[in-house]
Amino acid sequence: GRLWVTTSYHYPFAATDGKPSDKVFVLSDFDPNTGKAKTVRTFTADLNIPIGILPLPDMKSVLVSSVGEIRKYKISETQHGPKSDGYEVLFKGFGARDTHGMYNSYTLMPDGWVY
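Small disclaimer: the values here were computed from a predicted structure and weren't measured. (Residues numbered from 1 in each chain as written. Predicted model: local features only at pLDDT ≥ 70, side-chain atom pairs only at ≥ 80, totals over all residues. Heavy atoms only, no water.)

## Topic: the pattern of salt bridges
Throughout the structure, instances matching the rule amount to three salt bridges. Close ionic contact of Arg-2 with Glu-77 constitutes a salt bridge, the shortest N to O distance being 2.9 Å. Of this pair, Arg-2 sits in strand β1 (residues 2–7) while Glu-77 sits in strand β6 (residues 69–78), and the two are 75 residues apart along the sequence. Judged by its relative accessible area of 40%, Arg-2 falls in the partly exposed class. Glu-77 gets classed as partly exposed once you look at its relative accessible area, which sits at 46%. A network of salt bridges, in which partner residues are shared, links Asp-46, Glu-69 and Arg-71. (Salt bridge = Lys/Arg side-chain N within 4 Å of Asp/Glu carboxyl O. Helix = DSSP H or I, 4+ residues; strand = E, 2+ residues; numbered from the N terminus. Buried < 20%, exposed > 50% of the residue type's maximum accessible area, 1.4 Å probe, protein only.)

Here's what the structure looks like:
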């Protein structure tokens, strides 16, 4: 299994210099005795307060929030695990006045839609 983890250096104030550096990590290869991940890979490092993430069932893409946008990243599998292979912006124009009320908790429902 894999565990997708977001980190945010910028929280609670969005990066305004045009150089966001928040990250998504993918943890895998867990030790059965300690539960610790043996492999930690940086998936992407160009985000701005990524508080929502959802790996999609096609196993080729992942939804991630970044202040003002919802992005769909393509996943490339390497011998060391997944890495980002670019993204497309699905929705944009959201405000960032209160980063606590941003879009998160993506949920894939049985009807195939993401809520």
